[in-house]
There are 2 protein chains.
Amino acid sequence: MGYHPINFSEKLSKFTDRWSPKVISEMNDYQFKLVKVEGNFMWHEHQNTDEVFVVLEGALTIEFRDGAVTLSKGEMFVVPKGVEHKPFAEKECHIMLVEPKGVVNTGDAEDDLTAENDVWI
Amino acid sequence: MGYHPINFSEKLSKFTDRWSPKVISEMNDYQFKLVKVEGNFMWHEHQNTDEVFVVLEGALTIEFRDGAVTLSKGEMFVVPKGVEHKPFAEKECHIMLVEPKGVVNTGDAEDDLTAENDVWI
């Protein structure tokens, strides 16, 4: 039987669009997604789940109503459920997200930025 | 309020023991753990959960009864629940594990390699 690693760089080379997470694997009922971001996202929250951000390349700032955190390559952060946040990247940044299957990128808000869900690469 | 990134290198600098996962964060009822490995681990399985391996440094081979996969830095693999596997690293390798809180490193087998669970750094 063939077993194959999931290579982040190879997966990242397969798309160029921004703010549109692509699923690369599942564990139990969770998904691992890659996303390229640049500029401002919108304020949103996820009422039912925490959300993990891992920066693979570049830097990402996550703004909160009462502060902010900036993540560089090799760093992660867990946004607690129900907490409003707004991602921002001055330059293109590559991120891995971990969240339950079915989570929409804009959370409880619907917007032009709402991406199609469960898109695999 | 202060928000702080979780830096993998900084966390890895805090321990030297092998095959003993350290928790660095939680999301919902899942944990993210770092572990340093070298040499052979034991055959084991996790009956109730998939297990995610992400290689941060070095290379890891995961043997299965019918094959194997080798992961390098920047690669991940999901071992399905119930599947026997045996990790092996020729040289020291640094890994991030993602699995539900409470999962024991040796799965259903108890051994000298069974590590204390839920150790945070």
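The structure displayed is predicted, hence computed values, not measured ones. (Residues numbered from 1 in each chain as written. Chains lettered and ligands numbered in written order. Predicted model: local features only at pLDDT ≥ 70, side-chain atom pairs only at ≥ 80, totals over all residues. Heavy atoms only, no water.)

Draft legend 1. Inspection of the relation of the copies chain B and chain A at higher detail. Of the two same-sequence chains, chain B is brought onto chain A (RMSD 0.0 Å, axial shift 0.0 Å) by a rotation of 180°. Taken together, the rotation and translation relating the two chain copies correspond to the operation of a two-fold axis. A share of 100% of interface residues in chain B that are also interface residues in chain A marks the association as one of identical surfaces. (Least-squares fit on C-alpha atoms with pLDDT ≥ 70 in both. Contact = heavy atoms within 4.5 Å.)

Draft legend 2. Region of the structure containing the environment of B:Cys93. Residues and elements named next belong to chain B. Considering the arrangement of structural elements, one finds Cys93 in strand S8 (residues 86-100). The spacing of Cys93 and Ala59 is 34 residues in sequence and 5.8 Å in space, taken between C-alpha atoms. In contact with Cys93, other than residues within four places in its own chain, are Val35, Lys36, Val37, Val55, Glu57, Gly58, Ala59 and Leu60. (Helix = DSSP H or I, 4+ residues; strand = E, 2+ residues; numbered from the N terminus.)

Draft legend 3. Fine view of the side chain of A:Glu75. Summarising the element assignment, A:Glu75 is placed in strand S7 (residues 75-79). For the buried A:Glu75, no salt bridge is present, and the opposite-charge side chain at shortest range is B:Lys11, 11 Å distant. Sequence-distant contacts of A:Glu75, defined by excluding residues within four places in its chain, comprise A:Phe53, A:Val54, A:Val55, A:Thr70, B:Pro5, B:Ile6, B:Asn7 and B:Phe8. (Buried < 20%, exposed > 50% of the residue type's maximum accessible area, 1.4 Å probe, protein only. Lys, Arg positive; Asp, Glu negative; His and termini not counted. Salt bridge = Lys/Arg side-chain N within 4 Å of Asp/Glu carboxyl O.)

Draft legend 4. Local environment of the pairing of strand S5 (residues 59-64) of chain A. Residues and elements named next belong to chain A. As paired strands, S5 and strand S6 (residues 67-72) are joined by six bridges and run antiparallel to one another. Each residue of the ladder has a partner; that of Phe64, found in S6, is Gly67. Hairpin connection between S5 and S6: a loop of two residues separates the two successive antiparallel strands. Note: S5 against strand S8 (residues 85-100), four bridges, orientation antiparallel. Within S8, the position partnered with Thr61 by the bridge is Phe88. (Pairing = 2+ DSSP bridges.)

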